[in-house]
Structures are given as structure tokens and as C-alpha cells.
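Summary of structural features
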Amino acid sequence: MNPSEKSQGTTKASVRIPGDQVKVAVQSRGGVVLTSDDRGAARVLSIRTDEDTGIVFVKLETRERIVDVAIYEEEGKLQANVDGLTFPVEAWPARLPELLTAWQLRNQDEHGDVVVKAPLTGVVRDVLIKKGQELKEGDPCVVIEAMKMENILPAPHDGKVKKISIKTDASVRPGEPLFELEVQRDESAVSEEIEEIPHLPGGRLLTARERVEHLFDPGSFREIDAHVRHRVSDFGLDRRDIPGDGVICGYGKVDGRTVYAYSQDFRALGGSLGEMHARKICKVLDLATQSGHPVVGIHDSGGARIQEGVLSLAGYGDIFLRVVKASGIIPQIACILGPSAGGAVYSPAMMDFVVMTESNSNMFLTGPRVVKTVTFEDITADELGGGRVHGEITGVAHVLSPNEAEALQSTRRLISYLPNRSGEPAPRGPKFDPADRSTPNLVNLVPDDTAQAYDCREVIRQVFDHGSFFEIHERFAPNLVVGMARLAGTTVGVVANQPAHLAGCLDSTASRKGARFIRFCDAFSIPIISLVDVPGFMPGREQEHGGVISHGAKLLYAYCESSVPKLSVIVRKAYGGAYIVMSSKHIGGDLNFSWPDAEIAVMGAKGAVEILHRRDLAQHGAESEEIKDHIDAYENKFLTPNIASAHGFIDRVIDPQETRVALTEGLAAMKHLKKTGPDRVHGNMPT
Ligand code: HXC
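What counts and what doesn't
- Residues numbered from 1 in each chain as written.
- Predicted model: local features only at pLDDT ≥ 70, side-chain atom pairs only at ≥ 80, totals over all residues.
- Heavy atoms only, no water.
- Helix = DSSP H or I, 4+ residues; strand = E, 2+ residues; numbered from the N terminus.
- Buried < 20%, exposed > 50% of the residue type's maximum accessible area, 1.4 Å probe, protein only.
- Contact = heavy atoms within 4.5 Å.
- Areas by Shrake-Rupley, 256 points an atom, 1.4 Å probe, with all protein chains shown as cover.
- Salt bridge = Lys/Arg side-chain N within 4 Å of Asp/Glu carboxyl O.
- Near = heavy atom within 4 Å.
- Polar contact = N/O pair within 3.5 Å; in protein donor to acceptor, adjacent residues only side chain to side chain.
- Nonpolar A, V, L, I, M, F, W, Y, C, P; charged D, E, K, R; others polar.
- Patch = residues over 30% accessible without salt bridge, like charges linked within 9 Å, V, L, I, M, F, W, Y side chains within 5 Å.
- Lys, Arg positive; Asp, Glu negative; His and termini not counted.
- Charge placed at Lys NZ, Arg CZ, Asp CG, Glu CD.
- Core = buried A, V, L, I, M, F, W, Y, C linked by side-chain atoms within 4.5 Å.
- Expected span 1.5 Å × (residues − 1).
- Phe/Tyr/Trp six-rings, centres within 6.5 Å; stacked < 30°, edge-to-face > 60°.
- Arc of directions from axis to C-beta.
- Pairing = 2+ DSSP bridges.
- Right-handed = clockwise from strand over helix to strand, strands pointing away.
- Axes fitted to C-alpha atoms, helices over the stretch in contact; angles between N-to-C directions.
- Parallel < 35°, antiparallel > 145°, perpendicular 65-115°, else oblique.
- Left-handed = near helix turned anticlockwise from the far one by under 90°.
- pLDDT = per-residue confidence, 0-100.
- Disulfide = S-S within 2.5 Å.

Moving on to the overall build of the chain. Along its length, the chain carries 22 helices and 33 strands. Buried residues in the chain amount to 53% of all 687 residues. When contacts within the chain are restricted to residue pairs at least 6 apart in sequence, long-range pairs at least 24 apart make up 66% of them. Taken as a whole, the chain presents about 31200 Å² of accessible surface, with 52% of it coming from carbon and sulfur.

The next thing to look at is the pattern of salt bridges. Under the defined criterion, the tally for this structure stands at 32 salt bridges. Its salt-bridge partner being R305, residue D245 comes within 3.0 Å of it at the nearest N-O pair. Of this pair, D245 sits in the loop between β18 (222-224) and β19 (247-254) while R305 sits in the loop between β21 (295-301) and α6 (310-326), and the two are 60 residues apart along the sequence. Each member of the pair, D245 as well as R305, is classed as buried. Linked through salt bridges whose partners overlap, the residues forming this network are R204, R211, D300 and E404.

Taken together, 17 residues lie near the ligand, and G270, G302, A304, I306 and G343 sit nearest. In the environment of the ligand, an oxygen atom lies 3.1 Å from a nitrogen or oxygen atom belonging to the backbone of G270. Here the shell around the ligand is built from residues that sort into 8 nonpolar, 7 polar and 2 charged.

Here L639 shows up in the loop between α20 (625-638) and α21 (642-646). Separated by 65 residues in the primary sequence, L639 and A574 have C-alpha atoms spaced 9.6 Å apart. Setting aside residues up to four positions removed in sequence, L639 forms contacts with Y575, A598, E599, I600, A601, M603, A605 and Y634.

Turning next to a negative patch on the surface. Together, E625, E626, D629, D632 and E635 line one region of the surface with negative charge. Positionally, E635 belongs in helix α20.

In this section: the nonpolar core. Core analysis: the largest hydrophobic core is formed by 61 residues, its most contacted members being V296, L418, M484, V495 and Y559. For this core, the element with the highest residue contribution is helix α14 (residues 508-523), accounting for 6 residues. Once residues lying within four places of it in the same chain are set aside, the contact partners of V296 are L215, V259, Y260, A261, Y262, I333, C335, T411 and I415. Counting residues in each nonpolar core, the second largest holds 28 residues, with I460, L591, A662 and L667 among its members.

Between its terminal C-alpha atoms α20 stretches 20 Å, which fits the 20 Å expected from 14 residues at 1.5 Å a residue. Contact partners of the buried residues in α20: β32 (599-601), α18 (605-612) and α19 (614-620).

With that settled, consider the packing of aromatic side chains. Under the defined criterion, the tally for this structure stands at 7 aromatic pairs. With a centroid separation of 6.0 Å and 40 degrees between ring planes, the pair formed by Y417 and F470 is classed as tilted. Taken together, the positions of Y417 in helix α11 (residues 404-417) and F470 in strand β26 (residues 470-472) put the pair 53 residues apart, joining distant regions of the chain. You'll find Y417 and F470 in the same group, each marked buried. When the centroid spacing of 4.9 Å and the interplanar angle of 35 degrees are considered together, the rings of F520 and F524 count as tilted.

Bringing α6 into the picture now. Relative to the 24 Å expected for 17 residues at 1.5 Å per residue, α6 spans 24 Å between its end C-alpha atoms, a close match to the ideal helical length. Those residues of α6 not exposed but buried are S312, G315, Y316, I319, V323 and A326. Each buried residue of α6 lies within a common arc of 100 degrees when the element is viewed along its axis, so the set occupies one face. Of the exposed residues in α6, those oriented more than 90 degrees away from the buried face are V310, L313 and K325. Check the buried side of α6 and you find it contacts α5 (275-291), β21, β22 (332-341) and α7 (346-350). Just beyond α6, the residue with positive phi is G328, at close to 85 degrees.

The next thing to look at is the environment of Q290. Its location among the elements puts Q290 in helix α5. Sequence separation of Q290 and I329 is 39 residues, and the distance between their C-alpha atoms is 9.3 Å.

This brings us to the pairing of β22. Consecutive side chains of a regular strand alternate in pointing toward one face of the sheet and then the other. With 10 of 10 residues buried, β22 is to be regarded as a mostly interior element. When β21 meets β22, the two strands line up parallel, connected through 6 bridges. Residue pairing for β22: S301 is matched across the bridge by S340. Chirality of the crossover, the property in question, places the unit of β21, α6 and β22 among those that are right-handed. Pairing of β22 with strand β23 (residues 353-357) involves 4 bridges; the strand directions are parallel. Across the sheet, A334 pairs through a bridge with V354, a residue of β23. The pairing of β22 with strand β24 (residues 362-364) spans 3 bridges and is classified as parallel. Bridge pairing in β24 places P339 opposite N362.

Two elements in contact, α14 and helix α16 (residues 548-561), have axes whose closest approach is 8 Å; the angle formed by their N-to-C orientations is 25 degrees. Classified by the angle their axes make, α14 and α16 are roughly parallel. Regarding α14 and α16, the two cross each other, and that crossing is left-handed. Note on element contacts: α16 touches α14 through V548, H551, G552, K554, L555, A558, Y559 and E561, opposite S508, S511, R512, G514, A515, I518, R519 and D522. The residue inventory of the contact of α14 with α16, partitioned by class, reads 6 nonpolar, 5 polar and 5 charged.

What follows deals with the confidence of the model for the chain. Taken as a whole, the chain shows an average pLDDT of 84; of its residues, 82% reach a score of 70 or greater. Long-range and interchain partners of residues 1-23, a stretch whose pLDDT sits below 50, account for 81 contacts in this model, where long-range means more than four residues apart. The low-confidence segment residues 25-41 (pLDDT under 50) makes 63 contacts with residues lying over four places distant or belonging to another chain.

What follows is about the pairing of strand β17 (residues 177-182). The pairing of strand β10 (residues 114-117) with β17 spans 4 bridges and is antiparallel. Its bridge partner being in β17, V114 is matched across the sheet by L181.

Tallying each qualifying case throughout the model produces 0 disulfides. C249 supplies the cysteine sulfur nearest to C282, a cysteine that is in no disulfide, at a spacing of 9.8 Å.

We now examine the packing of helix α4 (residues 208-215) against α11. Where α4 contacts α11, the two axes come as close as 9 Å, and the packing angle between them is 40 degrees. In terms of their interaxial angle, α4 and α11 are classed as oblique. The way α4 lies across α11 gives a crossing that is right-handed. For the pair formed by α4 and α11, the contact residues are R211, H214 and L215 on the first element and E404, A405, L408, T411 and R412 on the second. When grouped by side-chain class, the residues that make up the contact of α4 with α11 number 3 nonpolar, 2 polar and 3 charged.

What follows is the structure in C-alpha cells.
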């Protein structure tokens, strides 16, 4: 913010969120304020200023979701960050009373009446309205003294005063109801609006074209092959004109960067894939791969178009081949916003990320009707392959969103972390969070007792750039947390053991999850940062029979194989095989840090003493002095990072408060790291 703007006291941020134009009013010097869009569609849930950094965090509720906005100053300009994307903030010399009009935090109750709430902390100096009074929009209603000014709150709508909740001299806080307005509505306008909404089948909220519009920056989408038609004459299809053969293809901008996309239209023969439909998708995949830009597939399809027989099957084959050939060259993201049945499941499954919605999004090889015929099992589409099934059980879905708009917004956000193509650096994020910020809270966040749980996501939030963590596979294998984040603006992949689930043990599913994520990061030159607090691999029949040897080997293989910078911090413990697997020096870790009290050993002291001193245990009992002495001796000898650092397996023992600084500096020191792999076609990763 430049000095002249500062002296004006208040600035307006204009932040675009698809579907909503949210205006954020910010007072200079951090004493923030509020927001609302012109239609009252967004309201402020909370506003907080970080005292250390001066960043203003605003939580907004829009019609579609809750949005976090971070507002900060960068290179003399005010910026707003939403979902990892940065928007400029326009300077606006506003007078406070005018702002208050926009500030009115309006809520509509079930009758459509409006509750006018206090926009800020203050004292009511005058109530200018009476119950039953008819008001015109803009009529003065309440005078609030705040910020040493008397501010008049006008009526946000025409209407009749239904209830007054405050009295003169009462103190009010932001969001506190002031009065209610019974709104007189123009019924004809309402019914006109309703009639305009197109009827979409199966609970869909957006058409294929609206989905594309949500994905891209406004007005940036350019369609290709809009005039393509199918070439089938059987089954009466010669009399059926299907615009674009049921799929919208083209390219546009996501946060200013070129991205290719296709979007299937379920209204056209169930989004089914025929010869020309497939050919259009192949063209998009070819163009994206050859020009080196990410591709997003918006899937909503009943699978191979039955009427086109082998031509549809051939179309799938052509797509599969291209998806595999593009793998590791450009980021590929599939958004499943309807059914994805039959052949339609395999191209998403081979892409880098699958985004699903919690309902109205299914993936299955054979649909419920075929299942019923073959196995007599009654099962719904959601039970068979809904978002929750794939987000929690199978791991096919990497991101689960509550609705279509949010799925597309998540896709935009995901793209913001990724390079356009392999070999190119990921775009730099905002640098508003100081690289040298210390992390004092970590000391209390991680309990000393190694058996005590804590949420490693809190540690991640403290260490990486504010608000930058984008979790992948949030509900699948929660004992390992993975996701994209930024460190001083640089995209990194985070892998962290999660003591809050299964004590942070590694198991089959966590290993699969970690391996896939690490391989993605490696393919796209994204450094990997591992936060280690792991008691080992999960023991037991279920794991052994479930293939933990092969699955655990995948994680090990992925770490060993990767050639990107790998940094790690052992924050509390690293035992046994899991110590080796979690980015240790022995398997190619580049910079390995440890906190001073970390325990690095074959196993915990109690377990070790039970094996080594079985006879003493039998003779004296677990609570005896002898056993306590053995435990102390083991702890002093092995449960420290000293031996590992004496051998160079740990490069630096760092103060927890310096974790962010150490990682930021380490990452910078690794910037030009180059490792060449062995000369071979490819390795043979365990499956
Ligand atoms: C042609 C199809 C179609 C298909 C749906 N439709 N799937 N048309 N080929 N594969 C048409 C329907 O006839 C209907 O047309 C319209 O799309 C909407 O379908 P509904 O069934 O009414 O919708 P809904 O109840 O929402 O059910 C959606 C569905 C269901 C779950 C996707 O349609 C379904 O089960 N379809 C078949 C799924 C499937 O088994 N596909 C596998 C294909 S074989 P009208 O004109 O009535 O509106 C395959 C093999 C490839 O893909 C293997 C490669 C490895």
C-alpha cells in the first residue's frame, strides 16, 4: 500500500470468486473490516489480523461455500489471496458511512426477510426506526459510534420493520442482529427468474458449458470443434443432431495460464463416448501434450456409446493411449461431475488427480443395473462408486468437494501449484509470509510423550506459507497426510505422518497414497518435504494378507527413485523400517533435519526392553526399578538424534522454532540440485 492510500484510511479489495464478486474493505494498518458483495451474497464470518505479519484474514460465506481471503502487501501493492490464487486489490478512497452500506451483513430467513446485522464493534447512539414502519432502501435506520465516528446504517431494501433487537447505548459486536425487515417482493420477477433456470437431469447444478465457464478465467475460453457431428445412421441417430457430439472442447486461461479442457454433456445421449466425441477429446489431449499445458477433463458420461459399437471402444483405446503418453509430461486432472461408467473410468484413473463431488458423482466399471443382473446385488450408484467410496475407501478420488462449483474451484487451485509441463518450474506463489518467520507454536503443538496424538496438519500450517496447504487424499489413508504447499512462494509436496490416526503408522493404503504423490512430485520437479513422526509399519494379519509388503515397497521405491530435492524433519520419532522409508539419508534424502528430542531407533524403549530383558521382566515385573533402569539406559543411548547425526545420517539438529527457516534455507540451497538416473527404459516398480 503506498503512503497516500494509507492516509486515506480505507481501501477496497476487489476479489473475484466465480459466481460472486466479493468486495473486501480493509482498513490500513490492519484494523480490518468487512465485506459483502452488491447482492449481499457474501457475508463476513470472521476477520483476523496476524499481529506478526500484518496479514488480514477474512472468512467469507458466499452462496456456494466458505472462502478464506488473505490480504497483504507485496512490493508496494495490496494483494488478496484466495485459494492460493492472487488478485490485485484496487485502492479506493472510501468514506466510512458509504462503506457501511456495503458492510451490512444481510441474512435472509426462511420467509425471505432480511436480518440486518452490526458490521463492526461499536455503541448504538440512536435508533431511528420504529416497529411496523415502512422503509425505502437507503433510509437511515441506526447510528453506531465506531472508530471515533458516528456511522449511519441505511436500510438495505424496501420493507417494513418487523423487529428491532437493539436499544440506544447498547454495545454491539460484528454480526449481532440489529433489526429485521419484512421484504415486499415482486412475485412476477421471482417466477421469471425461476423459469430461466434450465432443468438439468440427476441433480446437476451446472451445464457442461457452465462448468467450463467456472473452470476458466471469465471470457477466456475458446472452443474448438464446436461443429463436429457424429457419423452414425443406425438406431435413428441419423435424425438426432447432437451439437459438438456431446462434448465441449477447447482452451482458456486459469489464473492467466493456458489450460486445455473437455467437458462432457450428459444431456447428449448420456454423455456417451462415440467415434467423433472421442476424436475431439484426443485432439485436446494431443494439443495439450504437444504444446505443454495442463489438461482438465470434466467427465459426465454413461461410457461407450452403445449405438456406435466398436467405434466407441476404439475411441476409448485412443484416449487411454494418449493419457498414458502424456503422463509425466503435462499435469492431467479429471473432474467427475456425474456418472463415469464403463470405459469412462480408466482415463481419469490414469490421470494425475481425480476430483469428485460427494454426491452426483460416480465411477464404476459396471453400473448398478448390470450388477443386479449378474450378482443379484441391490446397490445404489453412490454405494457402488460414489465420491465417498472413492475418496475414502479406494483412493481413486484425490479431492472430494461438496458441489460442482467447488470441485472446479479446487481444480483451479490445484493448477496454481503445478508447472505447465515437466521440466518447467511451478509458478511462484505470493511471498507474503516471511521466509524467516519463526515457528514458536510448534514447541507446544507436538507433545513430548511419543504416545500422545496431535494433528500434524497443524504443524504443516505453522511451517508452510499461510493458507497454502492444499491437501490431497484428505479422507483416504488419513494416517499419512500429503498435499501441495508453498514455502516462501515455492511449490513443494508435503508428506507427513499423522499421529492423530493409527498413531501415524504406515500401512498398505498410506504407502500407496504416499507413493503416488511422491511420483507425481518427482515427475514435475516439485521438491518433497517430509515431516516424520512414525512408530513403524502397522503389524497384523490384515496388513500382511492385504499385501503390505508390496504396498510398503511402493512407498520405498518412490522415495528411492525420485530425483527432486528431498528434505525431511524428524519431529518426534522415527522407528524401524519406517525410519528408513520416510526420506532417510540412506535412500536419497538430501537434507535431513531432526528436532533435538527426536527418537531414532529400531523401536521404542518399552518394546526394546521387553525383548532384550525378558528374564528381568519375568522376574521383577514391568514396574520394577530394574526395568525402569533398563528403559532409561535405552532411552539415553538410542532415543536421541545424536548417534544418527554422529554418522551424518542427520545433517542438522534444529530448534523446532527454526523449522520453517531451516526448510526455507535448505530448499534455496537445493535449488539447482541435479541428479541423473540410471540409463534404462524404466524401473519395475512393485504393484
Ligand atoms: C448410449 C446412453 C449410454 C450409453 C446412457 N445413455 N448411457 N446412451 N450409450 N452408454 C443414455 C440413456 O439411454 C438415456 O437416453 C440418457 O443417456 C440418460 O440415461 P439414464 O439411464 O436415463 O440416466 P441415469 O438414470 O442418470 O443413469 C445414468 C447411467 C446409466 C448410470 C450412466 O445410463 C447407465 O447405467 N448407463 C450404462 C452404463 C454402462 O454400463 N456403460 C458401459 C458401456 S460399455 P434417453 O434418450 O432415454 O434420454 C463401456 C466399455 C468400455 O464403456 C470399456 C473400455 C475399457
